[in-house]
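This is what each chain is made of:
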Number of protein chains: 2
Amino acid sequence: MPHKSESENIGFVEPKYYVMPEGEEFVLESGVKLPELKVCYETYGELNERKSNAVLICHALSGDAHAAGFHQGDKKPGWWDDMIGPGKAFDTDKYFVICSNVIGGCKGSSGPNSIDPSTGKPYGLSFPIVSIGDMMNAQKKLLDSLGIKKLLSVCGGSMGGMQALQWAVSYPEAVASCMPIATTYKHSAQQIAFGEVGRQAIMSDPAWNGGDYYEKDHPSAGLAVARMIGHITYMSNESMEKKFGRVLKKEKLGYEFSTEFEVEGYLRYRGDSFVKRFDANSYLYVTKAMDYFDLQEDRKLYHAFKGVKSRFLVIAFSSDWLYPPFQSKEIVKALKMNGIDVTYCEISSDYGHDAFLLEFVEETKLVSHFLERTRKKVEKHK
Amino acid sequence: MPHKSESENIGFVEPKYYVMPEGEEFVLESGVKLPELKVCYETYGELNERKSNAVLICHALSGDAHAAGFHQGDKKPGWWDDMIGPGKAFDTDKYFVICSNVIGGCKGSSGPNSIDPSTGKPYGLSFPIVSIGDMMNAQKKLLDSLGIKKLLSVCGGSMGGMQALQWAVSYPEAVASCMPIATTYKHSAQQIAFGEVGRQAIMSDPAWNGGDYYEKDHPSAGLAVARMIGHITYMSNESMEKKFGRVLKKEKLGYEFSTEFEVEGYLRYRGDSFVKRFDANSYLYVTKAMDYFDLQEDRKLYHAFKGVKSRFLVIAFSSDWLYPPFQSKEIVKALKMNGIDVTYCEISSDYGHDAFLLEFVEETKLVSHFLERTRKKVEKHK
């Protein structure tokens, strides 16, 4: 594990909320109108007068708006605190950093656990299916409300990288630079398969009850299994071997079905702790959005990037087998074929997909220089 | 998919049963005595007078004794029919081929769904935990009863390969040659992790009921999820992409949680069909046996192979990420360090772990020559 950054922490932060004003509309990719839209977000640093220093951070499947600093009473900071703060990669002395919870999620933005105004009860499965594009459009509403017309950068790892790519494609004029990390331009059959197995684990838990469980027992067992599957895919063979190997939790084999190996205990612990902080229905919605993600559609990938105007820094990790480097390289190739300014870095790491959260020392160097150069280019053009 | 072999099929076959005679004992690795031992097996070809042409085939997790030929009324032959029969890799004109169901399984050998003589009801979880070594010792009892003192060869893929390795280590005098295919010398942390998630999927299904479900609804939902996870690990990224890609089962995205992608339909189908033919408790026992498998223990691997007297053919497949080639290479290296005659072949294949069942054209060439050379060596020594 790399050493934690010794830079200053951002201190206490509070979530804020964007609520779509009455009279405005939010139409999803499916054509369905969302009756109301709420977006939970946090900001770090100050927006400058020209509103030209905004950086949007997009979170992954189980992330949320709380990317940095501490909530009152919390012992652990936000999920990317190593990267966001004064003097860090996303330097809050220079940049205005925004992170918002995706719609379909369960951490303050509209999602299946929100109250349906027409019934006064949680939506459950009556919440409409959302896409990565819909998540982006909710972020766009938020940015419009803050008066931010152009992002200095949009960045994210995993599902966050899909949102970043979608921004560069859908709003080329609104994105000066884009940093997709450990991600893909479309979910492959294997990626869909892992999504589907997670969903099946939840939906086959009787407590799931067709998504209607908010006033009863939640489908914790199913969600825990889904999370356990996820965790295997987030680590690499190497990192699992180094961290656990065949080490036992007890002195010797007990010839029983209890937790015997350290790795079993770890997975059960991660599964059990996840169900305390995440909504099973949101797991369905968010994984579905990823499975729908397909910038390529029925064409050569480079057609998807026509008209894109951002500079790119694409980062992948050598041992990431869930979003393997070859998918990032295909993005790079397609961008290059459009004459787009793109830098590709493959960070050598044993941490698998989790590396995007752990390899912050190397990421910091790459991201801080990339942001600085982007800032200079943007200022020159003014 | 390679073309099916055009050689003759073995025709109709019937399962046979070995039942341990009264007075004999069967003590498991755990020290527990199994009150009775039954082994279901099939044989193909004729045992020669000197009983020197016997080949033992060991099956994988979801396999059984029915490796070749047809059962009355069946449309599909045994699981390795492409490899076993007249003129095939395991040429039944020359060799006497034996395949038996592992103990702990659910296809005729003693396992959790067998009747406990002390209660008159299925054992369920009171069946003792078994190891790969225990599976081998049950096969040894069977072979002793057939008067076979030395196998010409022992062969298996995946868990079958673990049994084959265990034979060569535990009974060096009883094994002239050994063919471990797509396997490992010990389950790694990642392999244990996949085992554990499958077990958790079953054990968190309320219908599992602590293993006591034989007179009620079986934990089909949990077992189906376990099988779906398994299937992802049996295929490769490449083979999934070629077979399914992002192809839809319907005309366009429905924005709902039904089966939308072909790959989702495939996984659900495989999950649902598996629960009709496999016992959930056996899934627990057999995966546990694999997780326990560790020839290395707390020493250098080559120490494990001291005293081994078999010749080896070790086969791995390039795209197998569940039992990756590097694990086979470690076996080869450790054998070489003991001066053992070993040939290593890595077959280039997109089929992932499933390749050991599908790449029979190349396997046939490798196996038939290896068996033939082994036969000649054995005859020369007589």
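Not measured: the values here are computed from a predicted model.

Enquirer: Can you break down helix H7 (residues 280-292) of chain B residue by residue, with the values?
Expert: When the terminal C-alpha atoms of H7(B) are compared, their 19 Å separation across 13 residues agrees well with the 18 Å that a helix rising 1.5 Å per residue should span. Burial runs high along H7(B): 13 of the 13 residues are buried.

Enquirer: With reference to specific residues and values, describe the domain arrangement of chain A.
Expert: All names here are of chain A. Domain boundaries in chain A define domain 1 (16-186 + 296-381) and domain 2 (192-288). Summarising the inter-unit geometry, the C-alpha centres of domain 1 and domain 2 are found 26 Å apart. Across the boundary between the two partners, domain 1 contributes 23 residues, which contact 19 residues of domain 2. Its residues assigned to classes, the side of domain 1 that touches domain 2 shows twelve nonpolar, nine polar and two charged.

Enquirer: Lay out the environment of A:Met135 with the relevant residues and their values.
Expert: Residue and element names in this part refer to chain A. Within the secondary structure layout, Met135 lies in helix H1 (residues 132-145). A tally of 27 C-beta atoms within 10 Å means that Met135 is categorised as buried. The spacing of Met135 and Val286 is 151 residues in sequence and 9.8 Å in space, taken between C-alpha atoms. When neighbours within four sequence positions are excluded, Met135 is seen to be in contact with Val102, Ile103, Val130, Gln163 and Ala289.

Enquirer: Which residues make up the interface of chain A and chain B, and what values go with them?
Expert: Taken together, the 40 residues of chain A in the interface contact 40 residues of chain B. Among the secondary structure elements, those contributing two or more residues to the side of chain A that touches chain B are helix H3 (189-203), helix H4 (220-234), helix H5 (237-243), helix H6 (262-275) and helix H7 (280-292) of chain A. Per element, the largest residue contribution to the side of chain A that touches chain B is ten residues, and it comes from H3(A). Here the residues of the side of chain A that touches chain B are counted per class, giving 24 nonpolar, seven polar and nine charged.

Enquirer: Mind laying out H6(A), listing which residues take part and the relevant values?
Expert: Helix length check: H6(A) (14 residues) gives 20 Å between terminal C-alpha atoms against 20 Å at 1.5 Å per residue, within 8%. Where H6(A) is concerned, the buried positions are A:Val263, A:Glu264, A:Tyr266, A:Leu267 and A:Gly271. Along the long axis of H6(A), the arc covered by the buried residues comes to 165 degrees, so they all point the same way. Where H6(A) is buried, its residues contact H4 and H5 of chain A together with helix H3 (189-203) of chain B.

Enquirer: Give a detailed account of the nonpolar core, specifying residues and quantitative values.
Expert: Judged by nonpolar contacts, the single largest core of 247 residues is most densely connected at A:Val55 and B:Val55. Those residues in contact with A:Val55 that sit more than four places away from it in its chain are A:Phe90, A:Tyr95, A:Phe96, A:Val97, A:Leu151, A:Leu152, A:Ser153 and A:Cys155.

Enquirer: For the sheet that holds strand E2 (residues 38-44) of chain B, give the residues involved together with the corresponding values.
Expert: Residue and element names in this part refer to chain B. Spatially, the eight strands line up as an open sheet ordered E1-E2-E6-E3-E9-E10-E11-E12, and their pairing is mixed. The sheet is open, and its two borders are formed by strand E1 (16-19) and strand E12 (342-347), each paired with just one other strand. The mean angle between the axes of side-by-side strands here comes to 20 degrees, regardless of whether they run parallel or antiparallel. Note: strand E9 (residues 153-157) against strand E10 (residues 177-181), four bridges, orientation parallel. Directly across from Gly156, in E10, lies its bridge partner Pro180. Its contacts with the sheet put helix H1 (residues 132-145) on E1, E2, strand E3 (54-58) and strand E6 (96-100), and the angle it makes with E2 is roughly 60 degrees.

Enquirer: Report on the packing of H4(A) against H6(A), specifying residues and quantitative values.
Expert: Residue and element names in this part refer to chain A. Interaxial distance between H4 and H6 falls to 8 Å at its minimum, and their mutual angle equals 125 degrees. In terms of orientation, H4 lies oblique with respect to H6. Pair H4 / H6 crosses with right-handed handedness. Residues Ser220, Leu223, Ala224, Val225, Arg227, Met228 and His231 of H4 lie in contact with H6, whose contacting residues are Leu267, Arg270, Gly271, Asp272, Phe274 and Val275.

Parameters at a glance
- Residues numbered from 1 in each chain as written.
- Chains lettered and ligands numbered in written order.
- Predicted model: local features only at pLDDT ≥ 70, side-chain atom pairs only at ≥ 80, totals over all residues.
- Helix = DSSP H or I, 4+ residues; strand = E, 2+ residues; numbered from the N terminus.
- Expected span 1.5 Å × (residues − 1).
- Buried ≥ 20, exposed ≤ 12 C-beta atoms within 10 Å, placed from the backbone.
- Domains from an automatic or database assignment.
- Contact = placed C-beta atoms within 7 Å.
- Nonpolar A, V, L, I, M, F, W, Y, C, P; charged D, E, K, R; others polar.
- Arc of directions from axis to C-beta.
- Core = buried A, V, L, I, M, F, W, Y, C linked by C-beta atoms within 7 Å.
- Pairing = 2+ DSSP bridges.
- Axes fitted to C-alpha atoms, helices over the stretch in contact; angles between N-to-C directions.
- Parallel < 35°, antiparallel > 145°, perpendicular 65-115°, else oblique.
- Left-handed = near helix turned anticlockwise from the far one by under 90°.

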